[in-house]
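An overview of the molecular structure
The lines below spell out each chain.
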Amino acid sequence: MTRIIYVNGRYLPYAQAAVHAEDRGFQFADAVYEVCEVKGGRLVDETRHMGRLARSLAELGMPQPMPPGAWSRVLRETIRRNRVTDGLVYLQVSRGAAPRNFLFPPSGTRPTVVCLARSVSPVEQEVAAKVGIGVKTIPDPRWDRCDIKTVMLLPAALAKEAARAEGATEAWFVDGNGYITEGASSNAWIVDGEGHLITRSTDNRLLRGITRTTLIDLLRREGLELVERAFTVAEAKAAREAFVTSATNIVMPVVKIDGQPIGNGAPGLLTERLRSEFHGAAEIAAP
Ligand code: PDD
């Protein structure tokens with residue numbers, strides 16, 4: 001089956017799905033994006049993801065390329081045309097194409113909109129979650145607007161490559177004071193020796209993950225306490241459990257940090273419970 005990608009109003013076969021050579025996303029990373037989980041053919045937490053997209057666009061002074069109803073149709077049509085039952089849908093909006101100039105193009109320049117969907121095997125995801133992943137800690141070289149979900153992902157790509165070179169799957173960025181900011185493409189969590197669940201509070205240094213927000217709803221519903229504060233690399237290595245959250249991983253156990261086993265080196269019990277209960281707290285959209 002040929003994959004189909006939505007580009008600026010058209011659903012195109014994979015090989016023809018292209019944007020202009022002078023797109024500002026390509027030249028300046030002047031673009032924002034979202035990744036939403038698809039489960040059983042339905043979008044998970046669509047409202048929150050689209051809310052964050054609107055905020056990212058507003059923070060960068062980019063116009064909304066289409067109203068919410070149109071977004072909703074594009075997402076569903078892209079999922080449908082690619083026959084995705086379980087996987088993800090990715091959408092990206094750039095400030096558009098214009099002759100290269102750091103200054104913004106004239107208002108009225110058409111934003112570039114891309115939407116693609118991809119299947120991910122739920123069985124493989126479950127197998128990965130049974131084993132857990134390793135993470136590598138790396139100094140955080142990013143700018144101070146990591147709260148905006150931009151495609152400026154070179155630091156994340158480099159960090160993940162460095163992690164892979166050491167047999168790890170994810171990188172955890174560390175700020176100048178030795179505290180973890182977040183994962184290269186996920187939020188970071190630990191359960192300390194006393195059983196406290198800890199994740200960094202959100203500010204401009206990290207992304208307010210939608211999975212993180214929905215997991216906090218679940219914690220409230222279950223009466224589980226959360227401590228929102230920064231934690232150090234040393235605390236993480238001494239933790240009883242650790243995990244990451246993202247739309248592509250939901251709750252993924254971390255069993256090694258810089259090669260050092262966490263807890264008994266197997267996924268933690270609380271982590272596994274939160275993973276299994278997550279979708280009960282999420283918004284599962286109509287198809
Ligand atoms: N990344 N922090 C960063 C830097 C991220 O890139 C992501 C998501 C998250 C988690 O956010 P959410 O729970 O809304 O997925 C945190 C996506 C999945 C990606 O780039 O593929």
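Residues numbered from 1 in each chain as written. Predicted model: local features only at pLDDT ≥ 70, side-chain atom pairs only at ≥ 80, totals over all residues. Heavy atoms only, no water.

Before going further, it helps to examine the domain arrangement of the chain. Domain annotation for the chain reports domain 1 (4-120) and domain 2 (125-280). Between the C-alpha centres of domain 1 and domain 2 the distance comes to 26 Å. Between domain 1 and domain 2, the residue contacts involve 22 residues of the former and 21 residues of the latter. Across the interface of domain 1 and domain 2, roughly 1800 Å² is buried in total on both sides, 62% from carbon and sulfur atoms. For the pair domain 1 and domain 2, the interface holds three salt bridges. Glu59 is the partner of Arg145 in a salt bridge, and the nearest nitrogen-oxygen pair spans 2.8 Å. Taken together, the elements giving at least two residues each to the side of domain 1 that touches domain 2 come down to strand 3 (31-39), helix 2 (46-59) and strand 5 (87-94). Residues that form the side of domain 1 that touches domain 2 fall into these classes: 11 nonpolar, three polar and eight charged. (Domains from an automatic or database assignment. Contact = heavy atoms within 4.5 Å. Buried area = accessible area lost by both parts, 1.4 Å probe. Salt bridge = Lys/Arg side-chain N within 4 Å of Asp/Glu carboxyl O. Helix = DSSP H or I, 4+ residues; strand = E, 2+ residues; numbered from the N terminus. Nonpolar A, V, L, I, M, F, W, Y, C, P; charged D, E, K, R; others polar.)

This part covers the layout of surface pockets. The space that makes up the largest pocket amounts to roughly 1000 Å³. Contributing to the lining of the largest pocket are 45 residues, with Tyr33, Lys149, Ser185, Ser186 and Thr248 lying nearest its centre. Looking at the lining of the largest pocket residue by residue, the classes come out as 21 nonpolar, 15 polar and nine charged. In terms of domain composition, the lining of the largest pocket takes at least three residues from each of domain 1 (4-120) and domain 2 (125-280). In this structure, the second largest pocket occupies an estimated 420 Å³ of space. (1 Å grid on protein atoms, 1.4 Å probe; cavity = no way out; pocket = protein on both sides within 12 Å on 5 of 7 lines; lining within 4 Å. Points joined across faces, edges and corners; volume = space filled by probe spheres on them.)

What follows is about the nonpolar core. By size, the foremost hydrophobic cluster in this structure holds 25 residues, and its most contacted members are Leu43, Trp71 and Val89. In terms of residues, this core owes the most to one element, helix 3 (residues 68-81), which gives five residues. Setting aside residues up to four positions removed in sequence, Val89 forms contacts with Glu34, Val35, Cys36, Val38, Leu43, Leu75, Ile79, Cys115, Leu116 and Ala117. Counting 19 residues, the second-largest nonpolar core is a separate cluster that includes Trp172, Val174, Ile180 and Ala242. (Core = buried A, V, L, I, M, F, W, Y, C linked by side-chain atoms within 4.5 Å. Buried < 20%, exposed > 50% of the residue type's maximum accessible area, 1.4 Å probe, protein only.)

Once that is clear, we can look at the site of the ligand. Within the structure, the ligand sits among 19 residues, and Tyr33, Glu182, Ile210, Thr211 and Ala247 are positioned closest to it. Within the backbone of Ile210, an N or O atom sits 2.8 Å from an oxygen atom of the ligand. Judged by the proximity of its atoms to the pocket grid, the ligand belongs to the largest pocket. When grouped by side-chain class, the residues that make up the shell around the ligand number six nonpolar, 10 polar and three charged. Residues lining the shell around the ligand come from more than one domain, with at least three contributed by each of domain 1 (4-120) and domain 2 (125-280). (Near = heavy atom within 4 Å. Polar contact = N/O pair within 3.5 Å; in protein donor to acceptor, adjacent residues only side chain to side chain. Sits in = over half its atoms within 2 Å of the grid points.)

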